[in-house]
Amino acid sequence: SINAETTDSTGLTAFGADGFTVGADTNYCDTTGDGMVAWNWKAGNATLGTGDFTQGSLASTCSRNVDAGFSIVSYTGNGTIADNSTNVGHGLSQTPDAIIIKDRDSSVIWYAWWNNFSSNQVIYPSENSAVNTDANVWAVTNPTSTLFYVGNSEVNADTRKYIAYCFHSVDGYSKVGSYTGNGDDDGTFIYTGFRPAFLIVKAADVASKSWLLFDNKRNTSNPIQVVLYPDTTAAEETFTSEPFDFTSNGFKSRKNSSKFNGSGSTYIYLAFAETPFKYSNAR
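Residues numbered from 1 in each chain as written. Predicted model: local features only at pLDDT ≥ 70, side-chain atom pairs only at ≥ 80, totals over all residues. Heavy atoms only, no water.

Caption draft 1: Molecular detail of the layout of surface pockets. Each pocket or cavity is described by its volume, and for the second largest pocket that value is around 340 Å³. The wall of the second largest pocket is formed by 17 residues, among which Ala38, Trp39, Asn40, Ala197 and Phe198 lie closest to the centre. Classifying every residue of the lining of the second largest pocket by side-chain character gives 11 nonpolar, two polar and four charged. (1 Å grid on protein atoms, 1.4 Å probe; cavity = no way out; pocket = protein on both sides within 12 Å on 5 of 7 lines; lining within 4 Å. Points joined across faces, edges and corners; volume = space filled by probe spheres on them. Nonpolar A, V, L, I, M, F, W, Y, C, P; charged D, E, K, R; others polar.)

As structure tokens, this is what we get:
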């Protein structure tokens, strides 16, 4: 959703040391018997502020798991547009491979950058559009090992609050990347170094193709066919074709489809491991 942040006292009611608690809100609590699914990443136990990590020109707070290559960053914009002097510390130990940002105060779209993009390219997690060229979003400056840059009113409007989720690949645990489809039912194999438990895929250069989300809890064996669309409110769907197999060291497309394996098309992905590679078993 592009909606601004809101407070819902009957939704997600608590974070605990070993899980989370939900209330009666039907967005969080299964009232129909159809089942719910949740994905969770653990960052730092405490929110880190000024002095705890490299600060950019915009003061920020950061909760991070450096070993897992994941951070959550909260900052307030200053309205400086298209100027690479405006930057934010991401709290990680190396350059992020993916950054996802949302304006918490306004009903505007989500923005994202991926590691195969140039510094003037952006994609929108709340839309099914292809990658777009916009010189202002990242101030035409790629992220570094300490900072990411914001130069557009949607990611740096004056006094607005923003939340950013930053990821980089970690051997045996996570992989952020891209691949090229081959347009064949014997589809492209993507090496991750582990058997995935969670996978998001998006056609980067093809318009009107939704983001695709798969996991090994809704599909416990191959083929991986049960999909959700993060850019829509649509219910879960089971592909009649066979999109992917999760293998011991990556994933492989099993169908010619412009959604995930069009000939010559570029796809971006984010994958997380079921177990570290040295313990993985083939299906």
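Caption draft 2: Expanded view of the packing of aromatic side chains. Enumeration according to the criterion identifies 20 aromatic pairs in this entry. A ring pair is formed by Trp41 and Phe198, whose centres lie 5.3 Å apart and whose planes are at 90°; its orientation type is edge-to-face. Linking Trp41 in the loop between strand E2 (19-22) and strand E3 (60-65) with Phe198 in strand E14 (residues 196-203), this pair joins segments that are 157 residues apart in sequence. Overall, the relative accessible area of 29% leaves Trp41 in the partly exposed class. Classification of Phe198 by relative accessible area gives buried; the value is 7%. Relative to Tyr269, the ring of Phe251 has its centre 5.3 Å away and its plane inclined at 75°; by these criteria the two rings are edge-to-face. Taken as a pair, Phe251 in strand E19 (residues 250-253) and Tyr269 in strand E20 (residues 266-273) lie far apart in primary sequence, 18 residues in all. The residues Phe251 and Tyr269 share a single accessibility class, namely buried. (Phe/Tyr/Trp six-rings, centres within 6.5 Å; stacked < 30°, edge-to-face > 60°. Helix = DSSP H or I, 4+ residues; strand = E, 2+ residues; numbered from the N terminus. Buried < 20%, exposed > 50% of the residue type's maximum accessible area, 1.4 Å probe, protein only.)

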